[in-house]
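Spelled out, the chains give:
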Amino acid sequence: MIARLRAFIRNHWPALRLRTILLSVLIFAGVLPGLSAIFLRVYENTLVRQTEAELVAQAVVLSAVAASDWPGAVVVPPDPARRDDPGYYRPEPATIDLGSTPVLPARPAPRHAAVPEAGAVEVADRLGSVVEQTSRTTLASILLLDRNGTIVLGYGQGGGLADLTEVRSALAGEPRTVLRRNDAYRPRYSMEWLSRAAGVRIHHARPVMVNGRVEGVVVASRSPRALFKGLYQDRIKIGLGVVGTLGVIALLAVLVSRGIARPIEALSRATRDVANGGGVLPPAPATAAVEIRTLYEDFGRMAQAVDRRSRYLRDFAAAVSHEFKTPLSGIQGAVELLQDHEMAPDQRRRFLDNIAADARRLSALVTRLLDLARADMARPQAGLSVDVRLPITKAVDARSSRLAISVMFGDETPRVAVPASTIEMVVSTLLENSRQAGATAVSIRAAALPDRLVVTLADDGPGVAPADAGRVFEPFFTTRRGEGGAGLGLSIARALLAANDATLDLLPTTEGAVFELVMPLAEQ
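From a predicted model like this one, the values you see are computed outputs, not experimental measurements. (Residues numbered from 1 in each chain as written. Predicted model: local features only at pLDDT ≥ 70, side-chain atom pairs only at ≥ 80, totals over all residues. Heavy atoms only, no water.)

A. Highlighting the overall build of the chain. From N to C terminus, the chain includes 11 helices and 13 strands. Scored against the burial criterion, the 524 residues of the chain give a buried share of 34%. Of the contacts formed within the chain by residues at least 6 apart in sequence, a portion of 69% connects residues at least 24 apart. With an accessible surface of roughly 31100 Å², the chain has 58% of that area assigned to carbon and sulfur atoms. (Helix = DSSP H or I, 4+ residues; strand = E, 2+ residues; numbered from the N terminus. Buried < 20%, exposed > 50% of the residue type's maximum accessible area, 1.4 Å probe, protein only. Contact = heavy atoms within 4.5 Å. Areas by Shrake-Rupley, 256 points an atom, 1.4 Å probe, with all protein chains shown as cover.)

Shown next, in the form of structure tokens:
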């Protein structure tokens, strides 16, 4: 089951960029503290508004009861038809916001007031037990004031609160909710400083409307629902949120591990194995990021290039040693004979000529090796735009006296991105090889492709033996070693072309030798 699941994930894992993974992790890590703070602020504001809604509900009920019991009140029964009106039911929205509502000073002690209204006192006597039971259950402080703002029921009875902001608004016929400091508040928890609502108290004042007039005010106040108590009551929901957050963090950690860390560790181990001469670079894991996969591919190409270069250097060193050994052995033998034997002048001259010939061969070999080294180290030139007809014509003119050369170009031969000196050197090398192989005629044709120019050189010589066709471009391979050939011309030509993204190949043929030179077109 686990193996099938892993196989399914490998086959369907999306290719994610490294920057996407890191950006997601950093954004989440950066936003998480802000989200936590915002959550606490929003949650606490919700608790405050919930407390306000409870006070509004209590005040509405008590003011309605007081209005119906008020002496001289005319109770008009509700019209059932109005209940079908969509606008009949109008919930009263919360008005308190911890972020914007100012916190007023604590409610002062009631000042001396006039004699309470008789009607208000009568209603207070009837509502006393109701208010007491309500306060005992909801923990709200409930006051009943007459139309002058004098307390007729509740704490401070006989005093006046007409100067309070919320009472003045209610006496004017508008209910009002305010936040006031709670001077009796004393912190009980070390973390209560996180709560903005811990030291405040909510006060709601609502008018008692009797026959269209304000006859009294119901004032209800209570401390908002405590933040930490609310957190405890909602602990299951909050716990699920915390678990979800940790789950997302764990998922991101796994994503970073599988997309970045583990592939890089595997690449590091494989690289060490390859450097020690063993092991093969494995393919990139399916869960690796796009950049990591590209890194695997680059390391793979680098490992192949290093291995190819190592074999090349090993074979090259062996070939150079062999090429230098033959003339050096001849020079050393001739010198020993000259040192140990008395010779006739003509015989001595013959040995000296052999030494000079071997020295010239060594000098030519060193020169060609330097040319090959420069060709291997050549780099492409930017912005090249060369007309191939000019360098090819120069190479043809230099050897037209020894070969019958025909050149055929199209009406509009495109320009190529290869240096003119390289084109001339390659064509000269091919023409010279054809002459040395015994050819008498060579034809040169150019054909344009959508993004390449193909130049074909075909001679009428004996051609290349099938057994030698795969080795003609190897350094030091030559069939004219007895004539002093070093076997480096074609290797140098191909190296110079490769530096400019061009190629040189021997095409299979039954007559003569055919070489194909393919060059990239110049940018327009």
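More follows now that the structure is in view.
B. Molecular detail of the sheet that holds strand β11 (residues 452–459). The strand order across the open sheet built from 5 strands is β9-β10-β11-β13-β12, with neighbouring strands paired in mixed fashion. Strand pairing shows two members of the sheet lacking a second neighbour, β9 (404–408) and β12 (503–507), which therefore form its edges. Between one strand axis and the next, the sheet turns by 15° as a mean value, whatever way the strands run. In terms of strand pairing, β12 meets strand β13 (residues 514–520) through 5 bridges, oriented antiparallel. Note that in β13 the partner of Thr503 across the bridge is Val518. Together, β9, β10 (441–448) and β11 form the strand contacts of helix α9 (residues 389–399), whose direction differs from that of β9 by roughly 165°. (Pairing = 2+ DSSP bridges. Axes fitted to C-alpha atoms, helices over the stretch in contact; angles between N-to-C directions.)

C. Inspection of helix α10 (residues 420–437) at higher detail. The end-to-end C-alpha distance of α10 is 26 Å, a good match for the 26 Å that 18 residues give at a rise of 1.5 Å each. Those residues of α10 that sit buried are Thr422, Ile423, Val426, Val427, Ser428, Thr429, Leu430, Leu431, Glu432 and Ser434. Backbone geometry just downstream of α10 places Gly438 in the positive-phi region, at approximately 105°. (Expected span 1.5 Å × (residues − 1).)

D. Region of the structure containing a nonpolar patch on the surface. Nonpolar side chains collect at one region of the surface, where Leu5, Phe8 and Ile9 lie side by side and expose about 270 Å² of accessible area between them. Along the chain, the position of Ile9 falls in helix α1 (residues 2–12). Classification of Ile9 as partly exposed rests on a relative accessible area of 31%. (Patch = residues over 30% accessible without salt bridge, like charges linked within 9 Å, V, L, I, M, F, W, Y side chains within 5 Å. Salt bridge = Lys/Arg side-chain N within 4 Å of Asp/Glu carboxyl O.)

E. Spatial organisation of the pattern of salt bridges. Overall, the coordinates contain 14 salt bridges when judged by the stated rule. Measuring nitrogen to oxygen at the nearest pair gives 3.0 Å for the salt bridge that ties Glu54 to Arg222. Remark: Arg222 occurs in strand β8 (residues 213–222) and Glu54 occurs in helix α2 (residues 18–69); sequence separation between them is 168 residues. Using a relative accessible area of 15% as the deciding quantity, one classes Arg222 as buried. A salt bridge links Glu166 to Arg180; the shortest N-O distance between them is 3.0 Å. Within this pair, whereas Glu166 is found in helix α4 (residues 165–171), its partner Arg180 is found in strand β6 (residues 176–181), the two being separated by 14 residues in sequence. Each member of the pair, Glu166 together with Arg180, is buried.

F. The nonpolar core, seen in detail. One finds Ile423, Ile444, Val455, Leu504 and Met519 to be the most contacted residues of the largest nonpolar core, which totals 31 residues. Contributions of two or more residues to this core are made by α9, α10, β10, β11, α11 (489–498) and β13. Among the elements that line this core, the one with the most residues is α10, at 5 residues. Beyond its immediate chain neighbours, meaning those up to four positions away, Leu504 contacts Val426, Leu430, Phe473, Leu490, Ala493, Arg494, Leu497, Phe515, Glu516 and Leu517. (Core = buried A, V, L, I, M, F, W, Y, C linked by side-chain atoms within 4.5 Å.)

G. Region of interest: the packing of α9 against α10. Viewed as axis vectors pointing N to C, α9 and α10 meet at an angle of 35°, and their least axial separation amounts to 8 Å. Judged by the sense of rotation from one axis to the other, the crossing of α9 with α10 is right-handed. Together, Pro391, Ile392, Lys394, Ala395, Val396 and Arg399 of α9 and Ala420, Ile423, Glu424, Val427, Ser428, Leu431 and Glu432 of α10 make up the contact between the two elements. (Left-handed = near helix turned anticlockwise from the far one by under 90°.)

H. Region of interest: the environment of Ala417. As for its position among the elements, Ala417 is in the loop between β9 and α10. The residues touching Ala417, leaving out its near neighbours within four places in the chain, are Leu384, Asn500, Pro520, Leu521 and Ala522.

I. Region of the structure containing the sheet that holds strand β1 (residues 103–104). The sheet built from 6 strands is open, its strands ordered β1-β6-β7-β8-β3-β4 with mixed pairing. Only two strands of the sheet have a single partner each, and these edge strands are β1 and β4 (151–153). Against the sheet, helix α3 (residues 118–138) makes contact with β3 (141–146), β4 and β8, and its axis sits at roughly 165° relative to β3, the strand it touches most.

J. The arrangement of the packing of α10 against α11 in detail. Viewed as axis vectors pointing N to C, α10 and α11 meet at an angle of 155°, and their least axial separation amounts to 10 Å. Between α10 and α11, the interaxial angle falls into the category roughly antiparallel. Relative to α11, the crossing made by α10 is left-handed. In contact with Thr422, Met425, Val426, Thr429, Leu430 and Asn433 of α10, α11 contributes Gly489, Leu490, Ile492, Ala493, Leu496 and Leu497. Classifying every residue of the contact of α10 with α11 gives 8 nonpolar, 4 polar and no charged. (Parallel < 35°, antiparallel > 145°, perpendicular 65-115°, else oblique. Nonpolar A, V, L, I, M, F, W, Y, C, P; charged D, E, K, R; others polar.)

K. Focus on helix α6 (residues 235–275). Between its first and last C-alpha atoms α6 spans 57 Å; for 41 residues at 1.5 Å apiece the expected length is 60 Å, and the two agree. At Ser257, α6 shows its largest kink, close to 45°. (Bend = angle between axes of the 7 residues up to and from the residue.)

L. Spotlight on unusual backbone geometry. Positive phi, normally seen in glycine, also occurs at Leu139, with a value near 65°. You can see Leu139 is positioned in the loop between α3 and β3. Classification of Leu139 by relative accessible area gives exposed; the value is 64%. Of note in the backbone geometry, Asn211 takes a positive phi value of approximately 55° without being a glycine. Among the secondary structure elements, Asn211 is positioned in the loop between β7 (200–210) and β8.

M. Highlighting the side chain of His203. As for its position among the elements, His203 is in strand β7. Assessed through its relative accessible area of 3%, His203 is described here as buried. Setting aside anything within four residues of it in sequence, one finds His203 in contact with Arg107, Glu166, Arg176, Thr177, Val178, Arg180, Ala220 and Ser221.

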